[in-house]
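# Working through the structure, step by step
The chain contents come next:
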Amino acid sequence: MACIHPIAEFSYRSKCTFQCVLGFMLKGLEELECTSSGRWSAQTPTCEDVICQPLMIPTNGTMNCSYLIENLSYSSTCAFSCLKGFSLKGPTFLHCNDHGIWNEPTPSCELITLSWVDKLRNIGMITLAVVSLLFLILIIWIILMWRRKVKKEKVSPSRRKSLRETSTV
C-alpha cells in the first residue's frame, strides 16, 4: 500500500493505492480515497491466491502436479506422460502463471501408428527372417542327404554283395 496525503496523514483527500505480490490477485479497487465524511471510498481490497483452472488428465495418459502454495495456484507445475503405445502431443510440463493461466494448452496422448515406410521395413525384416530360416532348413536337409549318401558309399563291395544276396533269398 502506498498513500499520498495532501492535507494530513489519512485525512480528507488522502489516496492509497494497493498492489499484491506476484502470485496474488487484488480483489477490490486498486485506489481508495478518504472522503469528506472521513470514510474511505470503498472497502479495503484483499490479495487472493492466483489459481489456474483444473486440468484434465489426457486419455491414455498420466498427470503429476506439484504445488508450492496450494492446489493449482501460481507457480504450480504439472507433468504429463502417456501409457505404453501412445505418444505425447504437446508440452511435457505446464506452469500456472501469475495471471492464473496455464502457459500452454493441455497435451494429449495419441496412438503410435507406423508410417508406410516403417510397415515396409517391418515386413522386410519378417521376410528376411523367414528366408533365413528356410535357407537354414535347406542347408540342414542337404547335410543330412549328403551324410546318408556318404554312409551308403562307405559300405564295402563285398558287404554290398552279401546284402544283395540276402535280400534276393
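Now for a quick tour of the structure. (Residues numbered from 1 in each chain as written. Predicted model: local features only at pLDDT ≥ 70, side-chain atom pairs only at ≥ 80, totals over all residues. Heavy atoms only, no water.)

Let us now look at the overall build of the chain. Within the chain, the secondary structure is distributed over two helices and 10 strands. In the chain, which comprises 169 residues, the proportion classed as buried is 15%. Look at the contacts in the chain between residues 6 or more apart in sequence, and 30% of them connect residues 24 or more apart. Total accessible area computed for the chain in this model is approximately 13,100 Å², and 61% of it derives from carbon and sulfur atoms. (Helix = DSSP H or I, 4+ residues; strand = E, 2+ residues; numbered from the N terminus. Buried < 20%, exposed > 50% of the residue type's maximum accessible area, 1.4 Å probe, protein only. Contact = heavy atoms within 4.5 Å. Areas by Shrake-Rupley, 256 points an atom, 1.4 Å probe, with all protein chains shown as cover.)

Here we come to the packing of aromatic side chains. Counted under the stated rule, the structure contains one aromatic pair. Between the aromatic rings of F10 and W40, the centroid separation amounts to 6.4 Å while the plane-to-plane angle is 75°, which identifies the pairing as edge-to-face. Remark: W40 occurs in the loop between β4 (31–33) and β5 (46–49) and F10 occurs in the loop between β1 (2–4) and β2 (15–17); sequence separation between them is 30 residues. Here F10 falls in the partly exposed class, since its relative accessible area comes to 45%. The class of W40 is partly exposed, set by a relative accessible area of 32%. (Phe/Tyr/Trp six-rings, centres within 6.5 Å; stacked < 30°, edge-to-face > 60°.)

Here we come to the state of the cysteines. Inspection of every chain in the model, using the stated rule, returns five disulfides. Disulfide partners in the chain, listed by the sequence order of the bonded cysteines, are 1-2, 3-4, 5-9, 6-7, 8-10. C34 takes part in no disulfide bond, and the closest cysteine sulfur, belonging to C16, lies 8.8 Å away. For C34, a relative accessible area of 4% gives the class buried. (Disulfide = S-S within 2.5 Å.)

Strand order in the open sheet made by the three strands is β6-β7-β9, with antiparallel pairing throughout. The sheet is open, and its two borders are formed by β6 (61–66) and β9 (93–95), each paired with just one other strand. Taken over all neighbouring pairs, the strand axes of this sheet differ in orientation by 20° on average, direction set aside. In this structure, β6 lies alongside strand β7 (residues 77–82), joined through six bridges in antiparallel fashion. Counted as the bridge partner of G61 is C82 from β7. (Pairing = 2+ DSSP bridges. Axes fitted to C-alpha atoms, helices over the stretch in contact; angles between N-to-C directions.)

Bringing the side chain of S76 into the picture now. Mapping S76 onto the fold places it in the loop between β6 and β7. From its side chain, S76 meets the backbone oxygen of S73 in a polar contact 2.6 Å long. Apart from the residues lying within four places of it in its own chain, the contact partners of S76 are S66, Y67, E70, L94, H95, C96 and W102. (Polar contact = N/O pair within 3.5 Å; in protein donor to acceptor, adjacent residues only side chain to side chain.)

Let us now look at the nonpolar core. Counting residues in each nonpolar core, the largest one holds eight residues, listed as C52, L55, L72, C78, F80, L94, C96 and W102. Beyond its immediate sequence surroundings of up to four residues, W102 is in contact with C52, Q53, L55, L72, S76, C78, L94, H95 and C96. (Core = buried A, V, L, I, M, F, W, Y, C linked by side-chain atoms within 4.5 Å.)

What follows concerns unusual backbone geometry. Most peptide bonds take the trans form, and the phi angle of most residues other than glycine is negative. Positive phi values are uncommon outside glycine, yet N60 reaches one of about 65°. Here N60 lies in the loop between β5 and β6. The backbone of S75 shows a phi angle near 75°, a positive value even though the residue is not glycine. On the accessibility criterion, S75 (24% relative accessible area) is partly exposed.

From the geometry alone we can't say anything about function, so treat these as descriptive.
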